[in-house]
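Architecture at a glance
The primary structure of each chain is shown beneath.
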Amino acid sequence: MKKTLAVVLVLAFSSCMLFSASFEEEKTKSSDGKDFLFPQDALQEGAAIFALSLGTDRENGEEQQSSLLGWQTYFNDNPNVVGSIPVYHFPVLAGVPFFVKGAIRKALYESYVGLVDPGRVAILFISKAESFAKRANLPLDRESTLAVVASDGTVSGYVKGPLSPEKIEALKALLARL
């Protein structure tokens, strides 16, 4: 009986791990120029919020980034909302040729100056947006994403779109479940 229960528990735990929403590892650089391993480096001290702009085109990416900068301004003005949980900004860009990545980094990083700690901003250059979103169980749409990520790297939940009172409450509820 004990052996059967142990086997069932191991199988249940393994299946949860296999189907947990998480992110693929990506090597990048933070805006302060340091090497950054996503998502591990963002989770070194525990759970975190990932502000993801996963645009479907350049214009949409800029709209999503603007939305996330609005959220960050709110967090800076109301630090009790997120408490000790850090907020990391990850613009996600798919299919970018290697020879323009430096110019893109420089231009994007400038928009975060004064709002976000440079060690908490890193651009993720990925091959396919669909794969990235699917692995993390995030919808690939035209809205910005605040993903609440547990210390083990699993996505606990997310809030989509621009700042609103309802979305603030939804984010607080997600954070309370950590």
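If you're wondering where the values come from, they're calculated on a predicted model, not measured in any experiment. (Residues numbered from 1 in each chain as written. Predicted model: local features only at pLDDT ≥ 70, side-chain atom pairs only at ≥ 80, totals over all residues. Heavy atoms only, no water.)

Below, the discussion takes up the overall build of the chain. Helix and strand content of the chain: five helices and seven strands. In sequence order, the chain lays out its α and β elements as α-β-β-β-α-β-α-β-α-β-β-α. Scored against the burial criterion, the 178 residues of the chain give a buried share of 42%. Of all intrachain contacts in the chain linking residues separated by at least 6 positions in sequence, the fraction that spans at least 24 positions is 63%. Element-wise, carbon and sulfur atoms account for 57% of the exposed surface of the chain, whose accessible area totals about 10,100 Å². (Helix = DSSP H or I, 4+ residues; strand = E, 2+ residues; numbered from the N terminus. Buried < 20%, exposed > 50% of the residue type's maximum accessible area, 1.4 Å probe, protein only. Contact = heavy atoms within 4.5 Å. Areas by Shrake-Rupley, 256 points an atom, 1.4 Å probe, with all protein chains shown as cover.)

Below, the discussion takes up unusual backbone geometry. Cis rather than trans, the peptide bond between F38 and P39 has omega equal to -5°. Here the phi dihedral of N137 falls at roughly 60°; this positive angle occurs in a residue that is not glycine. On the secondary structure map, N137 appears in the loop between α4 (129-135) and β6 (145-149). Look at N137 and you get exposed, because its relative accessible area is 56%.

Across all of its chains, the model carries 13 aromatic pairs by this definition. Here F38 and F90 contribute two aromatic rings whose centre-to-centre distance is 4.7 Å and whose plane-to-plane angle is 70°, an arrangement assigned as edge-to-face. Of this pair, F38 sits in strand β2 (residues 35-38) while F90 sits in strand β4 (residues 87-94); the two residues are 52 residues apart in sequence, bridging distant segments of the chain. Taken individually, F38 and F90 each receive the classification buried, so the pair is uniform in this respect. (Phe/Tyr/Trp six-rings, centres within 6.5 Å; stacked < 30°, edge-to-face > 60°.)

The next point concerns the environment of N76. Note on placement: N76 falls in helix α2 (residues 58-77). Sequence-wise, N76 and V116 are 40 residues apart; in three dimensions their C-alpha atoms are separated by 8.8 Å.

The subject of this paragraph is the nonpolar core. One finds F23, F38, F50, L52, F90 and F132 to be the most contacted residues of the largest nonpolar core, which totals 32 residues. For this core, the elements supplying multiple residues, two or more each, are β2, β3 (48-53), β4, α3 (101-110), β5 (124-126), α4 and β6. With residues up to four places along the chain from it excluded, the contact list for F90 reads F36, F38, A42, F50, A51, L52, S53, A122 and L124. Core analysis: the second largest hydrophobic core is formed by 16 residues, I49, F75, V82 and L171 among them. (Core = buried A, V, L, I, M, F, W, Y, C linked by side-chain atoms within 4.5 Å.)

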